[in-house]
Amino acid sequence: MRRGSNPCGGMYLSVVFCSLLSGLILCSLRVTATQQPRHPPNRIAVVGAGIGGTSAAYFLRQKFGKDVQIDIFEKGDVGGRLATIEIEENQYEVGGSVIHPLHLHMKSFVKDLGLSTCTLSANLLKIYNGDEFIFQESEWFLINFIKNLWNYGLNFLRRYMWVEDLLDKFMRIYRYQTFDYSFSTTESLLHAMAGDDFVSKLNMSIEEEMQNYGFTQKFIDEMVVPVMRFNYGQGVEMNAFVGAISYAWTESGVWAVAGGNKLVCNGLLNAAKAQLIQGTVTSLQEKVHSTKSGNTVKMYEISYVTDTGPGLDLYDIVVIATPLNKKLSNIEFVGFDPPIETLPEPYHQMVTTFVHGRINTSFFGCSTPCQFPLSDILTTENPKLFIHSISTASPVNPVPESDASKSVGLRVWKIFSPEVLTDEQLHQLFESYYAVKARSWLAYPRYSSPEKIPPIKLHRAIYYLNGIERAASAMEMSAISAKNVALLSYHQWYGKDDHIDQQDLAERLKSEL
């Protein structure tokens, strides 16, 4: 008999093979049964229609598809802290005003929505300390170079390297989000961008950060403090991350959306095909809901009030895109264990005042007529100064300045101050004025260090978008957080843990490419 012709041996191998095959089939069936894709959510709620909420709705639509219903609750105007104010028949940005050239989400929004942009003119900067101008920018690069070298040594070159390093690390988040990676905490998001560097910045002030980097105190007091006062109405005690972002984003090339930055929010709302509910959300609680098939599911019941009366609706996922601060959104979270409470997040008041008038140059120690043009003036810390900055303002739909206005020095000025300006203060600042409009904002968090960052995930499927503001408040930070929340909620809904909180993403993506 030839080798291998034993019929008993052949039958034995066949049985083994069949058993293995059956086992593999059964195993495959079990895996398939346990990994059946979860049904998509039916309804998603977004609370807040600012840049964070509307961009969240936009990204949620991209991830969850066309069939999910997305409702956006907003008690005020769409745009939130992106808003305009009318003075002398023109609209001016009263909230978030400028966008950095490296803000890729905002650039993408404008392109996708078919909006137009305008590059903001770079006026000559002046720094005023309450007694005199300690720095005046020139139109000539060489003169500015010599001034910087004379006053601050190599600090301005050190600044360039510091900013370049910061932006290089910051830009990594766009790559991660392009590949759908998400993060369950703001700290893990910052760590993915820069390792311990960005996280450690939350635990020190911007003053300490810059001292450690080698900047002189003179440079910090005269060049950094005015920028912090201008952007956030606060000093160098702010956490180093928001301070660094604030300083890095004062680069040239900033732009805005023609017609007002709030147009982005309106466009995103429409592009997301979301339903706007003009009302105030009063409470949120988890409910067990019976389905048509007889099963039960856990959902979130949102109570709200509109002009037509109270309402109740159930949602699978809820995104909170408004600060959980009692003065800004007093939402009651009912029956959660552990409890979800309004977070102790104090917000900083900033007053924006627009004045159509002629500036009083003598207030700044300059004779009339002034030997140099006054346009953008930032201020240092000085108890007698009642403004943070004053600058010429351009309408959101730029119009040429009339020859008559130029000849008499009549312009619209934008002033940042900690309190509403009194008539006496306005008369000190202006020789004469013809229109005044002011808006008081709880504009951004009151920063300090160490900074405590709120959680992103408040409950099983409740996500808090605005917690990232404790790290830094800006349009682009809200858009980044919005995309992260959309990705995180999607991955957690479908159990895609391999795209949440992954380590060494920079190296992994580099090797994959």
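Residues numbered from 1 in each chain as written. Predicted model: local features only at pLDDT ≥ 70, side-chain atom pairs only at ≥ 80, totals over all residues. Heavy atoms only, no water.

(A) Geometry of the pattern of salt bridges. As enumerated under the stated definition, the model contains 14 salt bridges in all. Arg-81 is paired through a salt bridge with Glu-469; the nearest N and O atoms lie 2.8 Å apart. Taken together, the positions of Arg-81 in the loop between strand S2 (69–74) and strand S3 (84–87) and Glu-469 in the loop between strand S20 (462–464) and helix H15 (475–494) put the pair 388 residues apart, joining distant regions of the chain. Since its relative accessible area comes to 26%, Arg-81 is described here as partly exposed. By relative accessible area, which is 3% here, Glu-469 ends up buried. One salt bridge connects Lys-201 with Glu-209, and the closest N-O pair in it is separated by 3.2 Å. Side by side, Lys-201 and Glu-209 carry an identical accessibility label, which is buried. Salt bridges sharing partners connect three or more residues here, namely Asp-165, Lys-169, Asp-197, Lys-201 and Glu-209. (Salt bridge = Lys/Arg side-chain N within 4 Å of Asp/Glu carboxyl O. Helix = DSSP H or I, 4+ residues; strand = E, 2+ residues; numbered from the N terminus. Buried < 20%, exposed > 50% of the residue type's maximum accessible area, 1.4 Å probe, protein only.)

(B) Examining helix H4 (residues 141–152) more closely. The terminal C-alpha atoms of H4 lie 16 Å apart, and with twelve residues this matches the ideal 16 Å at 1.5 Å per residue to within 8%. Taken together, the buried positions of H4 are Asn-144, Asn-148 and Tyr-152. With its buried residues spanning 35° around the axis, H4 presents them on a single face. For H4, the exposed residues set more than 90 degrees away from the buried face come down to Leu-142 and Trp-150. Looking at the packing, one finds that the buried side of H4 touches strand S7 (133–136), helix H5 (155–170) and helix H10 (217–232). Count one or two residues on from H4 and you reach Gly-153, which has phi positive near 60°. (Expected span 1.5 Å × (residues − 1). Arc of directions from axis to C-beta. Contact = heavy atoms within 4.5 Å.)

(C) View of the sheet that holds strand S6 (residues 125–128). Pairing is mixed across the open sheet formed by seven strands, whose spatial order is S7-S6-S15-S16-S17-S14-S18. Strand pairing shows two members of the sheet lacking a second neighbour, S7 and strand S18 (430–445), which therefore form its edges. Strand-to-strand twist of the sheet, defined as the mean angle between neighbouring strand axes without regard to direction, takes the value 20°. Pairing geometry for strand S14 (residues 347–359) and strand S17 (residues 411–417), over seven bridges, is antiparallel. Looking across to S17, one finds that Thr-352 is bridged to Phe-416. Its contacts with the sheet put H10 on S6, S7, S14, strand S15 (376–379), strand S16 (389–392), S17 and S18, and the angle it makes with S15 is roughly 105°. (Pairing = 2+ DSSP bridges. Axes fitted to C-alpha atoms, helices over the stretch in contact; angles between N-to-C directions.)

(D) Region of interest: the side chain of Asn-155. Mapped onto the secondary structure, Asn-155 falls in helix H5. With residues up to four places along the chain from it excluded, the contact list for Asn-155 reads Gly-214, Phe-215, Thr-216 and Phe-219.

(E) The arrangement of the pairing of strand S11 (residues 309–315) in detail. Where strand S10 (residues 296–306) lies against S11, seven bridges are found, and the strand directions are antiparallel. Residue pairing in the sheet places Tyr-300 in a bridge with Tyr-315 of S11. Where S10 folds back onto S11 in an antiparallel hairpin, the turn is made up of two residues.

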